[in-house]
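Each chain, letter by letter, is given below.
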Amino acid sequence: MAACERAQLSWGETAITEIVMSRAAAAVSVVPFSQQAEAISGADWVWWWVDATSAYGMLVQAKRLRVDRGRWRFDFGYRNRAGSQWARLRETAATMDLVPVYALYLGTGDYRSWAPCPDDHQGLRCHSCVKRSVSLMPALLADSWIVNDSKTTYERSVALEDIATPSWTASFLIPALREQLAPDLANFLLTTQTGTRAVTRSMIDRVLRVRMGQFGAVSAPGLTAARDSSHDRLGPVFSELPTDTGHWNEPYFGHVLNPLRHVPPGYVLEIESGEFDVDELASNMPEDVTGIVVVRLPQNG
Ligand SMILES: [Zn+2]
C-alpha cells in the first residue's frame with residue numbers, strides 16, 4: 001500500500017489480498033481456488049485459526065478505506081437488503097458456521113493523516129497506527145452510517161498483527177449479562193486467553209464493547225444451546241450462550257462464538273495434512289469462496 005501510494009497508484013482489494021497471502025508465514029497454509037471466483041467482486045476467503053485445543057473459523061471479505069475530506073468511508077453495501085453484498089457475506093458465513101468478518105485495508109499512516117489510534121498514540125510514525133494497515137472487524141459492527149471516522153473504525157476492529165495477542169483485560173460486560181453467563185463462558189470472557197481463544201476474544205470483545213454503549217434492556221435470560229451440542233466433542237466449545245440481541249436483532253453471542261469449535265472441520269484437517277484435491281475442495285464450497293487460509297497458532301499465543 002505504501003509503495004502504491006508513493007507511485008500515486010490506487011490500490012484495490014484483490015491486489016492487496018494477493019500480496020498479503022503471498023507473504024504469509026510458514027505456519028499459514030493458503031489454498032487459492034481456480035480463477036472462477038476472481039470475476040466476483042467482494043470474493044470471500046475462509047480463514048481458520050487452529051491450535052492444539054480448538055479452532056475458530058471466519059469468512060473474510062476485504063474492504064479498502066477511502067478518505068474523503070477527513071471523512072472515512074467503506075463500501076460495506078446496504079444492510080438489511082436481500083441480495084446485497086453485505087447480506088450475501090452473512091448468509092454464506094451462516095451456512096458454513098463461520099463468523100463474517102471484514103478485512104479492512106487502511107493504507108499507510110500518511111493515508112490516514114496519522115489520525116490518533118486508541119493505543120498510546122505516538123504521533124507521526126506511530127507503530128500501532130502502522131500495524132493497523134490490515135485490521136479485522138466483525139461484520140456485525142460494519143455499518144457504513146456509523147463507521148465513518150478513525151475513532152469508530154479503530155474501536156470496532158483489531159490489527160491483524162495483534163489478533164492472537166493474549167487479552168490481559170476482561171471483556172466489557174453489562175451487569176445483567178454477567179449474571180447470565182454459564183461458568184465456562186464467564187471464565188473465557190473474564191480471564192486471559194491465548195491461541196485460538198485469544199483470536200475469538202478479539203472478535204467478541206469488540207461486539208461486547210459496542211453492546212455496552214447501546215441503550216436497551218438485556219434480553220431475558222433464555223439460554224440457547226448451540227447447534228450440534230449433541231456431538232459435543234466435535235461441535236462448538238460453548239453449549240450455552242445468552243440470547244441477548246442488542247440493536248442487531250440477532251443473538252450475537254452465538255453469531256460470534258459458535259464458530260469456535262473443539263476441532264476444525266474435515267477440510268481443514270485435509271489441508272493441514274497436505275492430502276486434498278483443490279478442485280474437489282472448491283466444488284464443496286459456496287461459489288463466492290475464493291480460497292481457504294489455515295493459520296496454525298502456538299498454544300501460548
Ligand atoms: Zn497511533
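Residues numbered from 1 in each chain as written. Predicted model: local features only at pLDDT ≥ 70, side-chain atom pairs only at ≥ 80, totals over all residues.

**Points about the overall build of the chain**
Quick reminder of the rule: Secondary structure elements are defined from DSSP: runs of H or I of at least 4 residues count as helices, runs of E of at least 2 residues count as strands, and each element is numbered from the N terminus. Our radius of gyration looks at C-alpha atoms and nothing else; its globule reference is 2.2 Å times the residue count to the power 0.38. Exposure classification rests on a simple neighbour count of other C-beta atoms within 10 Å of a residue's own: a residue reaching 20 or more is buried, one at 12 or fewer is exposed, and one in between is partly exposed. C-beta atoms are placed from the backbone. What counts as a contact is two residues whose backbone-derived C-beta atoms lie within 7 Å of each other.
Helices and strands together make up the secondary structure of the chain, namely 11 helices and 12 strands. In terms of overall size, the chain behaves like a compact globule, its C-alpha atoms giving a radius of gyration of 19 Å where 301 residues would be expected to give roughly 19 Å. Seen along its three principal axes, the alpha-carbon backbone of the chain occupies a region of about 55 × 50 × 40 Å. Counting over 301 residues, the chain shows a buried share of 38%. Contacts in the chain between residues far apart in sequence, at least 24 positions, make up 72% of those at least 6 positions apart.

**Some points on unusual backbone geometry**
Even without a glycine there, the phi angle at Ser113 is positive, about 55°. With respect to the secondary-structure elements, Ser113 resides in the loop between β6 (99–105) and α4 (127–131). The phi torsion at Trp114 lies on the positive side, around 50°, for a residue other than glycine. Positionally, Trp114 belongs in the loop between β6 and α4.

**A word on helix α7 (residues 183–190)**
In an α-helix, one turn spans 3.6 residues; hence positions three or four apart end up facing the same way. Test applied: Directions from the helix axis toward the C-beta atoms define the arc.
What α7 keeps buried is the set Leu185, Phe188 and Leu189. The arc that holds the buried residues of α7, viewed along the axis, is 90°, so those residues lie on one side. Pointing more than 90 degrees away from the buried face of α7 are the exposed residues Pro183 and Asn187.

**Remarks on the nonpolar core**
Across soluble globular proteins, nonpolar side chains show a tendency to be buried alongside one another. We count it as follows: Residues of type Ala, Val, Leu, Ile, Met, Phe, Trp, Tyr and Cys that are buried and joined through C-beta atoms within 7 Å form what is called a nonpolar core.
Counting residues in each nonpolar core, the largest one holds 64 residues, and the members touching the most others are Trp47, Trp49, Val101 and Val207. Not counting residues within four places of it along the chain, the set of residues in contact with Trp47 comprises Met58, Val60, Val293 and Val295.

**Re the pairing of strand β7 (residues 134–138)**
This is how the line gets drawn: A pair of strands is labelled paired if DSSP reports no fewer than 2 bridges between them.
Across the 5 residues that make up β7, a large majority, 4, are buried. Bridging between β6 and β7 involves 5 bridges; their strand directions are antiparallel. Opposite Tyr102, over in β7, you have Met137 as the bridge partner. As paired elements, β7 and strand β8 (residues 158–159) share 2 bridges and run antiparallel to each other. For Ser135, the partnering residue across the bridge sits in β8 and is Ala159.

**Details of the environment of Leu124**
Of note, Leu124 is situated in the loop between β6 and α4. Taking the number of C-beta atoms within 10 Å as the measure of exposure, Leu124 has 9 and is therefore exposed. Here the alpha-carbon distance between Leu124 and Met96, two residues 28 residues apart in the chain, equals 42 Å.

**Thoughts on the environment of Arg233**
Here Arg233 is to be found in the loop between β9 (223–225) and β10 (240–242). With 30 residues separating them in the primary sequence, Arg233 and Val263 have C-alpha atoms 7.8 Å apart.

**Some thoughts on the environment of Asn249**
Checked against the element boundaries, Asn249 lands in the loop between β10 and α9 (252–257). Spatially, the C-alpha atom of Asn249 lies 29 Å from that of Thr290, the residues being 41 residues apart in sequence.

**Describing the pairing of strand β12 (residues 289–296)**
Among the 8 residues that make up β12, 7 are buried, leaving the element largely enclosed by the rest of the structure. The pairing of strand β2 (residues 44–50) with β12 spans 7 bridges and is classified as parallel. Pairing of Trp49 across the sheet is with Val295, part of β12.

Any link to function would need more than the numbers given here.
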